[in-house]
Amino acid sequence: MSLLKSIKNNIPNAITCLNLLSGSLACICASHGSEHIGGDPMAITYYQLAFIMIAAAAVFDFFDGFVARLLGAVSPIGKELDSLSDCVSFGLAPALIVYFMMRELYPSSWVAYGALLIAVFGAVRLARFNTDESQATSFVGLPIPANAIFWIGFCDYFYTLEPTAVGEYVTLAAIILLSYAMVSQLRMFSLKFKHYGMRGNAHRYLLIVGTVAAVAILGIKGLAVSIMLYFMLVLLFKRHEKGEALNNI
């Protein structure tokens with residue numbers, strides 16, 4: 001293999017490694033919780049920097065596949081490397097953000113350890129995805145990047161609250177529900193467009209518009225709302241499709 005061909009084939013893998021690097025930095029930042037960077041109260045906090053690192057990982061996660069297809073450099077190694085990177089960036093990183101948030105807000109609580117379920121179920125989700133060829137245009141279970149998006153919005157909100165028992169158990173309930181959602185059999189639509197017409201894409205456009213509106217109104221907290229909207233649209237359109245099927249009988 002020529003040097004140029006080797007370089008071309010490894011460009012997507014290098015981008016994937018940037019995904020992994022960003023996720024690893026998010027894990028480190030998460031451990032500092034609500035401390036301000038450099039001790040400057042005007043600077044952003046470390047948990048906010050962790051959010052930025054996860055967002056960067058998501059960008060690299062998108063472009064590695066895009067570049068691989070563009071260069072014709074899709075490979076089994078690239079696919080495995082992508083999943084391993086996603087496990088850190090969208091599984092372990094949000095799990096540690098939740099863990100350190102709970103340790104800071106509820107120092108004596110055992111609920112913080114429940115956050116590790118996010119990483120465990122995220123890994124199971126990725127393993128299932130890699131062995132299921134039916135998930136090319138839709139997903140079975142909540143995609144792990146969507147899980148990370150929810151926790152970014154959720155933690156941004158909870159870091160602003162006074163610690164209460166209600167908040168502790170709401171967090172535990174969210175951990176259990178989102179973890180289960182990742183390995184459930186619920187079929188969820190993707191944002192891949194086969195065409196840009198409204199027919200067959202209404203749910204996608206509603207999700208995009210709803211996400212933009214939620215973030216515009218609530219800021220980062222709106223990301224958690226966008227994932228709740230995602231679930232609502234999945235259930236709504238699933239019911240609509242069943243109704244159409246019955247009408248056609």
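The coordinates are above.
In this text the structure is predicted, and so the values were computed from the model without any measurement.

**Focus: the overall build of the protein chain**
Argument step 1. A count of helices and strands for the protein chain gives nine helices and two strands.
Argument step 2. Element order for the protein chain, N to C, with α for helix and β for strand: α-α-α-α-α-β-α-α-β-α-α.
Argument step 3. The C-alpha atoms of the protein chain give a radius of gyration of 19 Å, which matches the 18 Å a tight globule of 249 residues would have.
Argument step 4. As presented, the protein chain carries roughly 13,600 Å² of accessible surface, and 71% of it is formed by carbon and sulfur atoms.
Argument step 5. One way to put it: in the protein chain the 16 positive side-chain charges average out to a point 13 Å from where the 15 negative ones average out.

**A few points about the side chain of Asn19**
Argument step 1. The topology assignment puts Asn19 in helix α1 (residues 3-30).
Argument step 2. The class for Asn19 is buried, based on a relative accessible area of 0%.
Argument step 3. The contacts of Asn19, once residues within four sequence positions are left out, are Ala57, Phe60, Asp61, Ser85, Asp86 and Ser89.

**Quick word on the nonpolar core**
Argument step 1. Within the largest apolar cluster, 55 residues are counted, with the highest numbers of intra-cluster contacts made by Leu142, Trp151 and Tyr230.
Argument step 2. With eleven residues, helix α3 (residues 76-105) is the single largest residue contributor to this core.
Argument step 3. Contact partners of Trp151, with chain neighbours within four places excluded, come to Pro94, Val98, Ile118, Thr171, Ala174, Ile175 and Leu178.

**Remarks on the environment of Asn10**
Argument step 1. Mapped onto the fold, Asn10 is located in helix α1.
Argument step 2. For the pair formed by Asn10 and Met198, sequence separation is 188 residues and the distance between their alpha carbons is 38 Å.

**Describing helix α2 (residues 46-71)**
Argument step 1. End to end, α2 covers 37 Å across 26 residues, agreeing with the expected 38 Å (1.5 Å per residue, within 8%).
Argument step 2. Among the residues of α2, those classed as buried are Tyr46, Tyr47, Ala50, Phe51, Met53, Ile54, Ala57, Asp61, Asp64, Val67 and Ala68.
Argument step 3. Taken from the residues just after α2, Gly72 is the one with a positive phi, measuring 65°.

**Side note on helix α6 (residues 144-158)**
Argument step 1. Counted at 1.5 Å a residue, the expected span for α6 with its 15 residues is 21 Å, and the 21 Å between its end C-alpha atoms agrees.
Argument step 2. Among the 15 residues in α6, twelve count as buried, and that is most of the element.
Argument step 3. The complete set of buried residues in α6 reads Ile144, Ala146, Asn147, Ala148, Phe150, Trp151, Ile152, Gly153, Phe154, Cys155, Asp156 and Phe158.

**Here we look at the environment of Asn130**
Argument step 1. Positionally, Asn130 belongs in helix α5 (residues 116-130).
Argument step 2. In this structure, the C-alpha to C-alpha distance between Asn130 and Lys238, residues 108 residues apart in sequence, is 24 Å.
Argument step 3. In contact with Asn130, other than residues within four places in its own chain, are Lys79, Glu80 and Ser83.

**Some words on the packing of aromatic side chains**
Argument step 1. Applying the stated criterion to the full structure yields 14 aromatic pairs.
Argument step 2. An angle of 10° between the planes, with centres 4.4 Å apart, marks the rings of Phe154 and Phe158 as stacked. Of the two residues, Phe154 and Phe158 are both situated in helix α6; the distance of four residues between them amounts to about one turn of the helix.
Argument step 3. Look at Phe154 and you get buried, because its relative accessible area is 9%.
Argument step 4. Each ring, one from Phe189 and one from Tyr230, has its centre 5.1 Å from the other, and the planes form 70°; the classification is edge-to-face. Linking Phe189 in strand β2 (residues 187-189) with Tyr230 in helix α9 (residues 222-247), this pair joins segments that are 41 residues apart in sequence.

Quick notes on the rules
- Residues numbered from 1 in each chain as written.
- Predicted model: local features only at pLDDT ≥ 70, side-chain atom pairs only at ≥ 80, totals over all residues.
- Heavy atoms only, no water.
- Helix = DSSP H or I, 4+ residues; strand = E, 2+ residues; numbered from the N terminus.
- Rg over C-alpha atoms; globule rule 2.2 N^0.38 Å.
- Areas by Shrake-Rupley, 256 points an atom, 1.4 Å probe, with all protein chains shown as cover.
- Lys, Arg positive; Asp, Glu negative; His and termini not counted.
- Charge placed at Lys NZ, Arg CZ, Asp CG, Glu CD.
- Buried < 20%, exposed > 50% of the residue type's maximum accessible area, 1.4 Å probe, protein only.
- Contact = heavy atoms within 4.5 Å.
- Core = buried A, V, L, I, M, F, W, Y, C linked by side-chain atoms within 4.5 Å.
- Expected span 1.5 Å × (residues − 1).
- Phe/Tyr/Trp six-rings, centres within 6.5 Å; stacked < 30°, edge-to-face > 60°.

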